[in-house]
Amino acid sequence: MEKRRRTALFKISILFLLFAAAVALITAVSYRSMLKAFYPLRQTELVERYAAENGLDEALVYAVIKTESDFKPGAVSAANAKGLMQLTLPTFQWLQTKTGEQLSSDALFDEETNVRYGTLFLRLLQEEFGSTQEVLAAYHAGRGQVNRWLEDPGVSSDGKTLDHIPIPETAHYVKKVTKAIHRYHNLYHI
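Structure report, in brief. The model shown is predicted, which means the values in this text are computed figures rather than measured ones.

Reading guide: rules and limits
Each residue is numbered by its place in its chain's sequence as written, counting from 1. Residue-level local features of this predicted model are given only where pLDDT is at least 70; pairs of side-chain atoms are given and counted only at 80 or more, and the full residue set underlies all totals for whole chains, interfaces and linings. Based on all heavy atoms of the structure, the side-chain values leave hydrogens and waters out of the count. Secondary structure is summarised from DSSP: a helix means a run of H or I of at least four residues, a strand means a run of E of at least two, and numbering begins at the N terminus for each. Note that the radius of gyration is over C-alpha atoms, with the globule rule given as 2.2 Å times the number of residues to the power 0.38. The classification of residues rests on relative accessible area computed with a 1.4 Å probe and restricted to protein chains. Under 20% of the type maximum is buried, over 50% is exposed, and intermediate values are partly exposed. It only takes one pair of heavy atoms within 4.5 Å for two residues to be counted as in contact. Areas reported here follow the Shrake-Rupley algorithm with a probe of radius 1.4 Å; residue values treat only the protein chains shown as occluding. Here the positive residues are Lys and Arg and the negative ones are Asp and Glu; neither His nor the chain ends is included. Charged groups are reduced to one reference atom each: NZ for lysine, CZ for arginine, CG for aspartic acid, CD for glutamic acid. In this analysis, the expected span of each helix is defined as 1.5 Å times one less than the number of residues it contains. Residue types Ala, Val, Leu, Ile, Met, Phe, Trp, Tyr and Cys, when buried and joined through side-chain atoms within 4.5 Å, form a set referred to as a nonpolar core. Classification of ring pairs uses Phe, Tyr and Trp, with its six-membered ring standing for Trp, and accepts pairs whose centres are within 6.5 Å; under 30 degrees between planes counts as stacked, over 60 as edge-to-face, and the remaining range as tilted. By arc we mean the arc of the directions from the helix axis to the C-beta atoms, nothing more. In what follows, salt bridge is the name for a side-chain nitrogen of Lys or Arg lying within 4 Å of a carboxyl oxygen of Asp or Glu.

**Looking at the overall build of the protein chain**
Here's step 1: Looking only at helices and strands, one finds 8 helices and 0 strands in the protein chain.
Here's step 2: Listing each helix as α and each strand as β along the protein chain from the N terminus yields α-α-α-α-α-α-α-α.
Here's step 3: The C-alpha atoms of the protein chain give a radius of gyration of 23 Å, which is well past the 16 Å a tight globule of 190 residues would have.
Here's step 4: Dimensions of the protein chain along its principal axes, counting C-alpha atoms only, are 90 × 40 × 30 Å.
Here's step 5: Burial analysis of the protein chain (190 residues in total) assigns 37% to the buried set.
Here's step 6: When contacts within the protein chain are restricted to residue pairs at least 6 apart in sequence, those whose partners lie at least 24 apart make up 56%.
Here's step 7: A total of about 11000 Å² of accessible surface is found on the protein chain, and carbon and sulfur atoms cover 57% of it.
Here's step 8: Across the protein chain, 22 positive and 21 negative side-chain charges occur, with their mean positions spaced 16 Å apart.

**Digging into helix α5 (residues 111-129)**
Here's step 1: End to end, α5 covers 26 Å across 19 residues, agreeing with the expected 27 Å (1.5 Å per residue, within 8%).
Here's step 2: Looking only at α5, the buried set comprises T113, N114, V115, Y117, G118, T119, L120, F121, L122, L124, L125 and F129.
Here's step 3: Two residues or fewer after α5 comes G130, characterised by a positive phi angle close to 85°.

**Digging into unusual backbone geometry**
Here's step 1: In this structure, F71 is a non-glycine residue whose phi angle is positive, near 65°.
Here's step 2: Secondary-structure assignment places F71 in the loop between α3 (58-69) and α4 (89-99).
Here's step 3: Take F71: its relative accessible area is 5%, and that puts it in the buried class.
Here's step 4: A positive phi angle, near 55°, is found at H189, a position not held by glycine.
Here's step 5: Its location among the elements puts H189 in the segment after α8 (168-188).

**Some details on the nonpolar core**
Here's step 1: In terms of nonpolar packing, the biggest core is built from 50 residues, with V64, L122 and Y139 touching the most fellow members.
Here's step 2: Contributions of two or more residues to this core are made by α2 (44-53), α3, α4, α5, α6 (132-141), α7 (143-151) and α8.
Here's step 3: At 9 residues, α8 tops the list of elements feeding residues into this core.
Here's step 4: Setting aside its immediate chain neighbours within four residues, V64 contacts M85, L122, L136, Y139, Y173 and V177.

**Notes on the packing of aromatic side chains**
Here's step 1: Scanning the model with the defined rule gives 7 aromatic pairs in all.
Here's step 2: Taking 5.8 Å as the distance between ring centres and 85° as the angle between the ring planes, the aromatic pair formed by Y39 and Y184 counts as edge-to-face. Here Y39 is found in the loop between α1 (2-38) and α2, whereas its partner Y184 is found in helix α8, with 145 residues between them in sequence.
Here's step 3: Taking the relative accessible area as the measure of exposure, Y39 reaches 7% and is therefore buried.
Here's step 4: An aromatic cluster of at least three residues, connected via ring pairs, comprises F38, Y39, Y62, Y184 and Y188.

**What about α4?**
Here's step 1: When α4 is considered as a whole, its buried residues turn out to be T91, F92, L95 and Q96. Down the axis, α4 shows its buried residues gathered within 140° of arc, on one side only. The exposed residues of α4 that point more than 90 degrees off its buried face are P90 and T97.
Here's step 2: Tucked inside the fold, the buried residues of α4 contact α5.
Here's step 3: Looking at the residues trailing α4, positive phi occurs at G100, about 80°.

**Thoughts on the pattern of salt bridges**
Here's step 1: Counted under the stated rule, the structure contains 7 salt bridges.
Here's step 2: Salt-bridge contacts for E45 lead to R49; the nearest nitrogen and oxygen are separated by 3.0 Å. Of this pair, E45 and R49 are both found in helix α2, 4 residues apart, which corresponds to roughly one turn of the helix.
Here's step 3: A salt bridge links D70 to K72; the shortest N-O distance between them is 3.8 Å.
Here's step 4: Under the relative-accessibility criterion, D70 is labelled partly exposed at 30%.

Structure follows, in structure tokens:
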């Protein structure tokens, strides 16, 4: 009798463990699917091409587009930044001095043009600042602002990296994009 009871308890325990494992697996798959819906891969051909052309991590480009426009090519910010990567007209005009092109501001709504110039801008910022934190801070607050912060010993102890970001909106932006970069790496192994 005792042996039957132990055998029955063992079988119930095994069934419970299998049920718990199945619930955990279903939950993990559902959570991953939900994250993929929130962090999608869109404009993949453009992102892959221009990330490679500019030596950028694809996850960085996806994260910037996700954070800036949520993949909406017609997006316009309160600061009048436009398109997928939310470039302002002055930044776009400055970048055109690097390419030799003369495009109208309406070109910022063209997906390919916007990603091409946005990734060029990220590459130039990467060449200038090196670290992702400073690149993202400059993308958000401007190159001049980040250079001023780097010269301020209260903000940068070594003149190369920011010990903290003085503008809360920029600090939040950097954290948000950095989180998105990690999500893209983990979800898609890019």
